[in-house]
Amino acid sequence: MSRISRVLVANRGEIASRVFRTCRSLGISTVAVFSDADASLPYVAEADVAVRLPGNAPAETYLRGDLIVAAALRAGATAVHPGYGFLSENASFARAVIDAGLTWVGPSPASIEQMGSKIGAKALMKAAGVPVLEAPAAPTEADLPLLVKASAGGGGRGMRVVRSLAALDAEVAAARAEAESAFGDGTVFVEPYVEQGRHVEVQVVGSTVYGDRDCSIQRRHQKVVEEAPAPGLPDEVRAALHEAARKAAEAIDYRGAGTVEFLYDEKSERFFFLEMNTRLQVEHPVTEEVLAVDLVQKQLEAAGVVSATVDPSTDGPTHNPMGSAIEVRLYAEDPAADYAPQTGTLTRFEVPAIDGLRVEAGFASGSTVTPFYDAMLAKVIAWAPTREEAARRLAAGLSRARIHGVRTNRDQLVAILTSDAFLAGEVSTAFLTDGGPLDASAEDLGPSGDERSVRTAAALALAETAKAARRVQQRIPAGWRNVGSQPQRLEFTDGTSAEWLGTRVGYLVDGVTVVSAAPDRVVLERDGLRTTYDVAICGDRIDVDGPLSHTALERAPRFVDPATQVAEGSLLAPMPGSVVAVHVAVGAEVTEGQPLLVMEAMKMQHTVAAPRAGVVTELAASVGQQVEAGVVLAVVEEQA
């Protein structure tokens, strides 16, 4: 066995940091690659050597296998770990690594190819005796609903649920376009869509099973919450799933870490093969936590980077999971706005240190979230002896986190973890959809706390900040007047406001006792209950963290600049991104809800629809155009 001294991770963010951590523990030197947009992210500084990939878009950086191989050779790397996403399941890239004389930390290129096409993989699994889902060549109404899926890639991209045969062709075309953009391969296929199904997957290393996970809670077919072991599976079903995964791995002579994914129908207790991911999964930490195993080390061992050390008492399918582990994906997105991705600077990003809580983050305080890559900020994982304890520990850690600068799905994650349905193990792929136990409507996104107290805290912190900044009359209380004719009033951009009176001895707020007020902390008492609010002010933005939730507010300007006003009927870009399709022209008559154009940001496509019936009088967007959030894309005027 040759001695490997340096591993390049052909990826970014939290997965690069994760692989570096194991490499450091094994005494292996590391190499990072980074785009211009990622230059200041934490993982770059964690590596022993870092190589720049000029540009920002994935197509000119992390998807350029030739540049990555050249970077590995230039940095003196002797092995390449692909992480997940990007080129991790690209057989041509794996061959290029091997042909360059480097060690590929992954399965053989042949195995990647066999599972790279979902269409071919299903045929292969069917021949191996693994149950698969199949749709008729000419579906009828009786076959609905159907699911259109991309043959290459994953992560929910190129996937559409079809509930009407009339919509099938349009959804297939949309799925093809998204798959072509995300994976460079527009091949799609159709299969039956199982309502209320569960997404259960089995971890393998080679053909050895390392337990199972449930990844059913998803938004837009992308996982949000994952846990190990999968809750509530009958013993015979669990055993059958493990055996099917073993057969799948054996059928392609699999090497290294991989995951076999299944769709499980609880009503019939039947399961069906979905796909095999020939790489490490985002959710691999929950398996590591319950089995006390390092799956990255297993990958390095399988590739021959380090010598294998197998402890029979803790390795293999006979090992029982210890306790329960739950992982959530913390995204820079707004669930109440159809999960629109968010960009900006994380002015504060802190997750508290709690026993049993594991954080794998790609960002830190001061990092900038750009529109070029996936919207995931971090994975937060909790382990505990029981599932309920793990959920409680994870919810507590998220609630106490301080995340400022961009909107996230944090409150929704807390709402999921504390919901009766989740705690009862009632999980399915419909959990966050209309009619599911917890949909994405704003009122379901978690505890809002006392809105009036939150806004009062923000207003008083601003008053104290102004007082601290003034150079005269330092001893005069903020907001104090000789004659208190009316209260001070502060308005926020969400239409809410706060009022208070300044006196010689402090602040007066109707119904609330102000215990103390400072620029960064306000303590209020209402009905005998004292609550502390941490406040962070950055320009006109005010972040208020209470005991139950976080609220981001923005001070409304006293005077409105007419140049910032837009015409009625204007369609604004919901996020920064690029325009990938325009379906109308100026003068076109449109109906309410009709798709007008498509934007792409953070590897997902978003349709911008007409807000009402009318005529397109302005069209400022064109295909390929990069736009900022809030830019007017088109104007639809009502017909007289």
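Basis of the calculations
- Residues numbered from 1 in each chain as written.
- Predicted model: local features only at pLDDT ≥ 70, side-chain atom pairs only at ≥ 80, totals over all residues.
- Heavy atoms only, no water.
- Helix = DSSP H or I, 4+ residues; strand = E, 2+ residues; numbered from the N terminus.
- Rg over C-alpha atoms; globule rule 2.2 N^0.38 Å.
- Contact = heavy atoms within 4.5 Å.
- Areas by Shrake-Rupley, 256 points an atom, 1.4 Å probe, with all protein chains shown as cover.
- Lys, Arg positive; Asp, Glu negative; His and termini not counted.
- Charge placed at Lys NZ, Arg CZ, Asp CG, Glu CD.
- Salt bridge = Lys/Arg side-chain N within 4 Å of Asp/Glu carboxyl O.
- Buried < 20%, exposed > 50% of the residue type's maximum accessible area, 1.4 Å probe, protein only.
- Pairing = 2+ DSSP bridges.
- Expected span 1.5 Å × (residues − 1).
- Axes fitted to C-alpha atoms, helices over the stretch in contact; angles between N-to-C directions.
- Core = buried A, V, L, I, M, F, W, Y, C linked by side-chain atoms within 4.5 Å.
- Phe/Tyr/Trp six-rings, centres within 6.5 Å; stacked < 30°, edge-to-face > 60°.
- Lys NZ or Arg CZ within 6 Å of the ring centre and 35° of its normal.
- Parallel < 35°, antiparallel > 145°, perpendicular 65-115°, else oblique.
- Left-handed = near helix turned anticlockwise from the far one by under 90°.
- Nonpolar A, V, L, I, M, F, W, Y, C, P; charged D, E, K, R; others polar.

Peer 1: Would you mind going over the overall build of the protein in detail, with residue names and values included?
Peer 2: Broken down by element type, the protein carries 14 helices and 38 strands. The globule rule puts the C-alpha radius of gyration for 640 residues at 26 Å, and the 27 Å found for the protein is close to it. Projected onto its principal axes, the C-alpha coordinates of the protein cover approximately 85 × 65 × 55 Å. Residue pairs at least 24 apart in sequence account for 62% of intrachain contacts in the protein once pairs closer than 6 positions are excluded. Accessible surface computed for the protein: about 27,400 Å², of which carbon and sulfur atoms make up 50%. Between the centroid of the 59 positive side chains of the protein and the centroid of its 83 negative side chains there is a distance of 6 Å.

Peer 1: A description of the pattern of salt bridges should follow, citing residues and the corresponding values.
Peer 2: A complete count under the given rule lists 46 salt bridges for this structure. Notably, a salt bridge pairs D294 with R18, separated by 2.9 Å at the nearest N-O pair. Within this pair, whereas D294 is found in the loop between α9 (284–291) and α10 (295–302), its partner R18 is found in helix α1 (residues 13–25), the two being separated by 276 residues in sequence. Between E171 and R160 there is a salt bridge; the shortest N-O distance is 3.5 Å.

Peer 1: Describe unusual backbone geometry, and please don't skip the residues or the numbers.
Peer 2: Put simply, A228 and P229 share a cis peptide bond, and its omega is -10 degrees. Among the structural elements, P229 can be located in the loop between β11 (222–228) and α8 (235–251). We note that A292 has phi near 50 degrees; this positive angle belongs to a residue other than glycine. Secondary-structure assignment places A292 in the loop between α9 and α10. Judged by its relative accessible area of 58%, A292 is exposed.

Peer 1: Please set out the sheet that holds strand β34 (residues 595–601) residue by residue, giving values where relevant.
Peer 2: On the basis of which strands lie adjacent, the open sheet formed by four strands has the order β35-β34-β32-β37 and antiparallel pairing. Because the sheet does not close on itself, it has two edges, and the strands there are β35 (604–609) and β37 (626–627). Strand direction decides the pairing type here: strand β32 (residues 577–582) and β37, joined by two bridges, are antiparallel. Residue S578 lies in a different strand from β37, and its bridge partner there is Q626.

Peer 1: Tell me about α1, and name the residues and values.
Peer 2: The end-to-end C-alpha distance of α1 is 19 Å, a good match for the 18 Å that 13 residues give at a rise of 1.5 Å each. Counting buried residues in α1 gives ten out of 13 residues, a clear majority hidden from the surface. Along α1, the positions that sit buried rather than exposed are G13, E14, I15, A16, S17, R18, V19, F20, T22 and C23. Positive phi appears at G27, one or two residues downstream of α1, with a value of about 75 degrees.

Peer 1: Give a detailed account of the sheet that holds strand β8 (residues 188–192), specifying residues and quantitative values.
Peer 2: Taken in spatial order, the three strands make up an open sheet running β7-β6-β8, and their pairing is antiparallel. In the strand order of this sheet, the two ends are held by β7 (160–162) and β8, each with one partner. The average undirected angle you get between the axes of adjacent strands in this sheet is 25 degrees. Running at roughly 50 degrees to β8, helix α6 (residues 118–127) makes contact with β6 (146–150) and β8 of the sheet.

Peer 1: Outline the nonpolar core, listing residues and values.
Peer 2: Counting 99 residues, the largest nonpolar core has L8, Y43, F93, V225, V305, L394 and F422 as its most contacted members. When residues of this core are assigned to their parent elements, the largest contribution, seven residues, is made by strand β21 (residues 376–384). Setting aside chain neighbours within four positions, we find V225 in contact with D214, C215, S216, I217, I326, E327, V328, L413, I416 and F422. Counting residues in each nonpolar core, the second largest holds 25 residues, with V202, V204, A248 and V260 among its members.

Peer 1: So what's going on with the pairing of strand β12 (residues 257–265)? Residues and values would help.
Peer 2: Among the nine residues in β12, eight count as buried, and that is most of the element. Alignment of strand β9 (residues 198–205) against β12, held across eight bridges, turns out to be antiparallel. Bridge pairing in β12 places Q203 opposite T259. Inspection of the sheet shows β12 paired to strand β13 (residues 270–277) by seven bridges, in the antiparallel sense. Opposite E261, over in β13, you have E275 as the bridge partner. The hairpin turn running from β12 into β13, its antiparallel successor, is four residues long, and E269 in that turn takes a positive phi close to 55 degrees.

Peer 1: So what's going on with the packing of aromatic side chains? Residues and values would help.
Peer 2: Applying the stated criterion across every chain, the model contains five aromatic pairs. Between the aromatic rings of F93 and W104, the centroid separation amounts to 5.7 Å while the plane-to-plane angle is 85 degrees, which identifies the pairing as edge-to-face. Within this pair, whereas F93 is found in helix α4 (residues 91–99), its partner W104 is found in strand β5 (residues 103–104), the two being separated by eleven residues in sequence. Comparing F93 with W104, the two get one shared label, buried. Centroid distance F372 to Y373: 6.1 Å. Interplanar angle 55 degrees. Geometry classified as tilted. On the basis of relative accessible area, F372 is assigned to the partly exposed category, the value being 27%. Ring-pair connections join several aromatic residues into one group, and the members of that group are Y62, F86, F372 and Y373. One Lys or Arg, R219, reaches over the ring of Y331 and ends 4.0 Å from the middle of that ring.

Peer 1: How would you explain the packing of helix α5 (residues 109–116) against α6 if you had to name every residue and give the values?
Peer 2: When two helices pack together, their arrangement is given by the angle between the helix axes and the distance between those axes. Look at α5 against α6: their axes get within 6 Å of each other, and the N-to-C directions meet at 95 degrees. Judged on the interaxial angle alone, α6 and α5 are roughly perpendicular. Touching Q114, M115 and G116 of α5 are K118, G120, A121, L124 and M125, all from α6.

Peer 1: Report on the environment of E589, specifying residues and quantitative values.
Peer 2: With respect to the element layout, E589 can be found in strand β33 (residues 589–590). Between the C-alpha atom of E589 and that of T617, which follows or precedes it by 28 residues, the distance is 9.5 Å. In this structure E589 touches Q594, G614, V615 and Q639, once residues within four positions along its chain are discounted.

Peer 1: Please give an account of the packing of helix α11 (residues 387–399) against helix α12 (residues 410–418) that cites residues and values.
Peer 2: Orientation of α11 relative to α12, taken along the N-to-C sense of each, is 160 degrees, at an axis distance of 9 Å. Relative to α12, α11 is oriented roughly antiparallel. Relative to α12, α11 is oriented so that their crossing is left-handed. Within the contact between the two elements, α11 uses A391, L394, A395, L398 and S399 and α12 uses R410, L413, V414, L417 and T418. A per-class count over the contact of α11 with α12 returns seven nonpolar, two polar and one charged.

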